[in-house]
Amino acid sequence: MKKDFLCLSDLSLEELEQIFALAKDLKAKQKAGQQHHLLSGKTLGMLFEKSSTRTRVSFEVGMYQLGGHALFLASGSTQMGRGEPIRDTARCMGRYVDGVMIRTYSQDAVEEFAAVSDVPVINGLTDMFHPCQIMADLMTVIEHKGNYRDLVFCWVGDGNNMANSWINAASVFGFELRVATPAGYEPDAMVKERAAEAGANIIYTNDPDQAARGADVLNTDVWASMGQETEQQERKKAFTGYQINMELVALAKPDCVVMHCLPAHRDEEITDEVMESRHSIIFDEAENRLHVQKAIMATLMS
Ligand code: CP
Ligand code: NVA
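Note that the structure is a prediction, hence the values are computed from the model and not measured.

Asker: How should the overall build of the chain be read in this particular structure?
Answerer: When its secondary structure is counted, the chain shows twelve helices and nine strands. Expected size for 302 residues packed as a compact globule is a radius of gyration near 19 Å; at 19 Å, the chain falls within 12% of this value. When its C-alpha atoms are laid out on the principal axes, the chain stretches across 55 × 45 × 35 Å. Sequence-distant contacts, at least 24 apart, represent 74% of the contacts inside the chain between residues at least 6 apart.

So, in structure tokens, the structure goes:
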């Protein structure tokens with residue numbers, strides 16, 4: 001039976017660990033210039049309803065390196081942009097391609113697509129989750145810290161798709177997570193409830209200092225996500241004090257690492273100084289999108 005990757009919990013802990021192992025192997029092969037054509041002759045359809053740099057490039061290059069091919073489909077240039085039902089698009093796409101990656105607004109839309117699709121569907125970001133990003137983030141933590149177990153993760157900023165994904169990750173992988181958001185910008189209530197039911201070790205606070213104190217990994221993201229551009233100014237006010245700067249970093253462990261999925265607004269949610277400091281593993285994180293997504297595609301589409 002085909003498997004989708006719409007959120008982390010679509011795969012078991014064992015499958016996710018196997019993806020990290022395969023990603024490490026594929027990264028080593030790519031660095032050594034060794035061929036690794038695990039998806040020879042296969043095609044990935046990539047549907048984008050939102051902008052992208054890293055997701056588009058890493059999936060497209062990843063398919064090429066795996067011996068396959070990727071099709072970039074901006075929704076505005078497809079019939080979906082003219083109102084063709086998702087389920088009709090999904091049923092047709094599955095007759096041409098071997099997998100689909102979608103970046104869109106609603107998680108329900110991705111779920112509707114996957115429910116009728118004969119081929120695996122990968123979530124390339126919705127308003128609710130960004131599971132591929134979290135896999136790249138954890139791969140990067142493993143590279144820098146040896147493992148994710150026994151580490152304290154801290155989220156400072158908006159309770160957005162990335163915050164929701166970190167909550168899922170804390171639940172699935174079992175690490176401690178502290179989430180600091182301004183009041184009114186908390187993560188999704190249902191996501192929090194499910195994590196609590198699963199016994200996840202997460203604290204929610206409005207105090208960034210409390211979240212950062214003694215943490216191993218500090219994480220943030222933009223204050224206004226794609227689709228929230230009109231709220232930019234109002235959010236800038238609400239998020240004052242929620243910046244990752246050197247004062248906040250000084251509260252964390254001396255060897256803490258700082259992450260950001262990018263794109264960043266330098267000197268808003270994170271200072272230029274932190275992004276360029278020895279703590280930043282942000283560009284390794286961006287690179288690992290390529291390696292971990294190759295492992296995800298090879299796992300789902302082989
Ligand atoms: N982090 C991330 O998904 O980047 P893009 O929006 O550039 O794809
Ligand atoms: N939260 C951001 C992530 C971008 C990769 C957004 O959805 O715009």
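Asker: I'm lost on the environment of Asp216 in this one. Help?
Answerer: Among the secondary structure elements, Asp216 is positioned in the loop between α8 (208–212) and β8 (217–220). In sequence terms Asp216 and Lys253 are 37 residues apart; their C-alpha atoms lie 5.7 Å from each other. Not counting residues up to four positions away in its chain, the partners in contact with Asp216 are Lys145, Asp150, Leu151, Val152, Lys253, Cys256 and Val257.

Asker: I tried to follow the site of ligand 1 on my own but got confused; where do I start?
Answerer: By nearness alone, every residue bordering ligand 1 is listed as Ser52, Thr53, Arg54, Thr55, Arg103, His130, Gln133, Cys261, Leu262 and Arg289. In this structure, Thr53 approaches ligand 1 through a main-chain N or O atom, which is 2.7 Å from an oxygen atom. Here a nitrogen atom of ligand 1 sits 2.9 Å away from a polar atom, N or O, in the main chain of Leu262. For ligand 1, whose free accessible area comes to 260 Å², the fraction covered by protein is 95%. The pocket occupied by ligand 1, as judged from atoms lying within 2 Å of grid points, is the largest pocket. Of the residues in the shell around ligand 1, the class split is two nonpolar, five polar and three charged.

Asker: Sorry, what's going on with the site of ligand 2 here?
Answerer: In the neighbourhood of ligand 2, the contacting residues comprise Leu125, Asn160, Asn161, Asp221, Ser225, Met226, Cys261 and Leu262. Contacts to ligand 2 include Met226, whose backbone N or O atom sits 2.8 Å from an oxygen atom. Alone, ligand 2 offers 270 Å² of accessible surface; in the complex the protein occludes 95% of this. In a pocket analysis with a 2 Å cut-off to the grid points, ligand 2 is assigned to the largest pocket.

Asker: Would you mind showing me how to read helix α6 (residues 161–173) here?
Answerer: Think of an α-helix as 3.6 residues a turn; residues three or four steps apart then line up on the same face. Between its first and last C-alpha, α6 extends 18 Å over 13 residues, near the 18 Å set by a 1.5 Å rise per residue. Counting buried positions over the 13 residues of α6 gives eleven, a clear majority of the element. Of all the residues in α6, the buried ones are Asn161, Met162, Ala163, Asn164, Ser165, Trp166, Ile167, Asn168, Ala169, Ala170 and Phe173. The N-cap of α6, judged by a side-chain oxygen 3.0 Å from the amide nitrogen of Met162 a few residues on, is Asn160.

Asker: I would appreciate a short explanation of the sheet that holds strand β9 (residues 257–260) in the present structure.
Answerer: Across a sheet, strands are paired by hydrogen bonds formed along the backbone, either parallel or antiparallel in direction. The parallel open sheet is built from five strands, whose spatial order is β7-β6-β5-β8-β9. Strands with a single pairing partner mark the edges of an open sheet, and in this sheet they are β7 (202–205) and β9. Pairs of neighbouring strands in the sheet enclose a mean axial angle of 20 degrees, with direction left out of account. As defined by bridge partners, strand β5 (residues 152–156) adjoins β8 across three bridges and the pair is classed as parallel. Each bridged residue has a counterpart across the sheet, and for Phe153 the counterpart in β8 is Val217. Most of the contacts of helix α5 (residues 131–145) go to β9, to which it runs at about 160 degrees, and overall it touches β5, β8 and β9.

Asker: Can you walk me through empty space enclosed by the protein in this structure?
Answerer: Over the atoms a probe the size of a water molecule is rolled, and this reveals where empty space is left. Per the counting criterion, the structure on display carries one cavity of 30 Å³ or more. In this structure, the largest cavity encloses a volume near 40 Å³. If you trace the largest cavity, you find it lined by Glu49, Met80, Ile86, Ile102, Thr104, Ala109, Val110 and Phe113. A per-element tally of the lining of the largest cavity places helix α4 (residues 107–116) first, with three residues.

Rules used in this analysis
- Residues numbered from 1 in each chain as written.
- Chains lettered and ligands numbered in written order.
- Predicted model: local features only at pLDDT ≥ 70, side-chain atom pairs only at ≥ 80, totals over all residues.
- Heavy atoms only, no water.
- Helix = DSSP H or I, 4+ residues; strand = E, 2+ residues; numbered from the N terminus.
- Rg over C-alpha atoms; globule rule 2.2 N^0.38 Å.
- Contact = heavy atoms within 4.5 Å.
- Near = heavy atom within 4 Å.
- Polar contact = N/O pair within 3.5 Å; in protein donor to acceptor, adjacent residues only side chain to side chain.
- Areas by Shrake-Rupley, 256 points an atom, 1.4 Å probe, with all protein chains shown as cover.
- 1 Å grid on protein atoms, 1.4 Å probe; cavity = no way out; pocket = protein on both sides within 12 Å on 5 of 7 lines; lining within 4 Å.
- Sits in = over half its atoms within 2 Å of the grid points.
- Nonpolar A, V, L, I, M, F, W, Y, C, P; charged D, E, K, R; others polar.
- Expected span 1.5 Å × (residues − 1).
- Buried < 20%, exposed > 50% of the residue type's maximum accessible area, 1.4 Å probe, protein only.
- Pairing = 2+ DSSP bridges.
- Axes fitted to C-alpha atoms, helices over the stretch in contact; angles between N-to-C directions.
- Points joined across faces, edges and corners; volume = space filled by probe spheres on them.

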